[in-house]
Amino acid sequence: MKNDFNLLSAYNEAIRFTRSHYENFPVISFLIPKELYHHVAIIYWFARTADDIADEGVLSPVDRIKRLESFEQKLSQLISGNWSTNLEFALANTIKEKQLSPGYFFNLLAAFKQDVIVKRYQSYHELLNYCKKSANPVGRLILELYNIRDNELQAYSDKICTALQITNFLQDISIDYEKERIYIPQEDLSRFAVDGKNFEKKLINDNFVQLMEYQIQCTENLFNDGKQLIKFLPGRLKYEIKWTILGGLEILNLIRKNKYDIFNNRPKLDKKRFILLLIKSVLWH
């Protein structure tokens, strides 16, 4: 029975889930109005749960796809008013209350299915198309929570989210390679004469350094283009987004400081760096 579900309990569970996971940017912080905490948390729960289905554990690709399809069916059902768990109940409530676009959730699931099947991207254009489904919907959902639905602002948000996604790819090159994935476009690998041996043997030669610097520069360009969003944002949201951008840029900076050795030195932001970046976001004009 629907009446058996507890909305407050569900949202509290989503908040606990969100706070228990590390990300390169603050998912829920004091900069987000308390009345939106639970909405942000339940969106994160959805995305992270689907991501874990695609990535974690020892399931076969076939089983991962089946579980993602089952998760997709549950999404369709809860949007129609039928849910079977507290968390599904909370997600349905958030979508309805905040008038979120369901298509963004389905796009995320399409991206996670793609992760199971696609291990290489031939061109930068192909990678950007993947990010349209894997990253950009999250930014657009956050904007919708604040009732921001302007096309131009969504485009700026897309730049930021794509940059964050690619930053994560560069940060996790070694982890992804263990899963037989390389997110650096094949055309770029060829351009800089880098092949599978660099990944297999964790070889940091001049070619690999040039490749990584090129990837970082392209990603920084995306961040710089997306920064235009900030001046249009209300209240504390602008500081949240500044903080998020600075977190991504700091990861790229750490890759440089580690001399591009992302195989043995995975860059990660600690509490001290988060605080320093928060201060920078407040002082950033």
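It should be noted that the structure appears before, not after, this text.
It should be emphasised that the depicted structure is a prediction, and the values quoted were computed from it without experimental measurement.

Draft legend 1. Layout of helix α2 (residues 34-55). A rise of 1.5 Å per residue sets the reference length of α2, with its 22 residues, at 32 Å; its end C-alpha atoms lie 31 Å apart and thus fit the reference within 8%. Here α2 lies mainly inside the structure; 17 of its 22 residues are buried. Just downstream of α2 lies glycine 57, where phi reads positive at about 80°.

Draft legend 2. Spotlight on the nonpolar core. In terms of nonpolar packing, the biggest core is built from 86 residues, with Ile42, Phe46, Leu91, Phe105, Leu170, Met212 and Ile255 touching the most fellow members. Each residue touching isoleucine 255, except ones within four places of it in the same chain, is listed here: Leu170, Gln171, Met212, Ile216, Tyr260, Ile262 and Pro267.

Draft legend 3. View of empty space enclosed by the protein. On inspection of all chains with the given rule, the structure shows two cavities of 30 Å³ or more. Lining the largest cavity are 13 residues, with Phe169, Ile173, Ile182, Tyr183 and Ile184 positioned closest to its centre. Elements with a minimum of two residues in the lining of the largest cavity: α8 (151-171) and α9 (173-178). Its residues assigned to classes, the lining of the largest cavity comprises 10 nonpolar, one polar and two charged. Of the pockets and cavities examined, the second largest cavity occupies roughly 40 Å³. Along its surface, the second largest cavity is lined by Trp45, Phe46, Phe71, Lys74, Leu75, Leu78, Glu88 and Leu91. Within the residue set of the lining of the second largest cavity, elements represented by two or more residues are α2, α3 (61-79) and α4 (86-97). Sorting elements by how many residues they give to the lining of the second largest cavity places α3 first, with four residues. Within the lining of the second largest cavity, the residues separate by chemical class into six nonpolar, no polar and two charged.

Calculation notes
- Residues numbered from 1 in each chain as written.
- Predicted model: local features only at pLDDT ≥ 70, side-chain atom pairs only at ≥ 80, totals over all residues.
- Heavy atoms only, no water.
- Helix = DSSP H or I, 4+ residues; strand = E, 2+ residues; numbered from the N terminus.
- Expected span 1.5 Å × (residues − 1).
- Buried < 20%, exposed > 50% of the residue type's maximum accessible area, 1.4 Å probe, protein only.
- Core = buried A, V, L, I, M, F, W, Y, C linked by side-chain atoms within 4.5 Å.
- Contact = heavy atoms within 4.5 Å.
- 1 Å grid on protein atoms, 1.4 Å probe; cavity = no way out; pocket = protein on both sides within 12 Å on 5 of 7 lines; lining within 4 Å.
- Points joined across faces, edges and corners; volume = space filled by probe spheres on them.
- Nonpolar A, V, L, I, M, F, W, Y, C, P; charged D, E, K, R; others polar.

Purely geometric stuff here, so don't read any function into it on its own.
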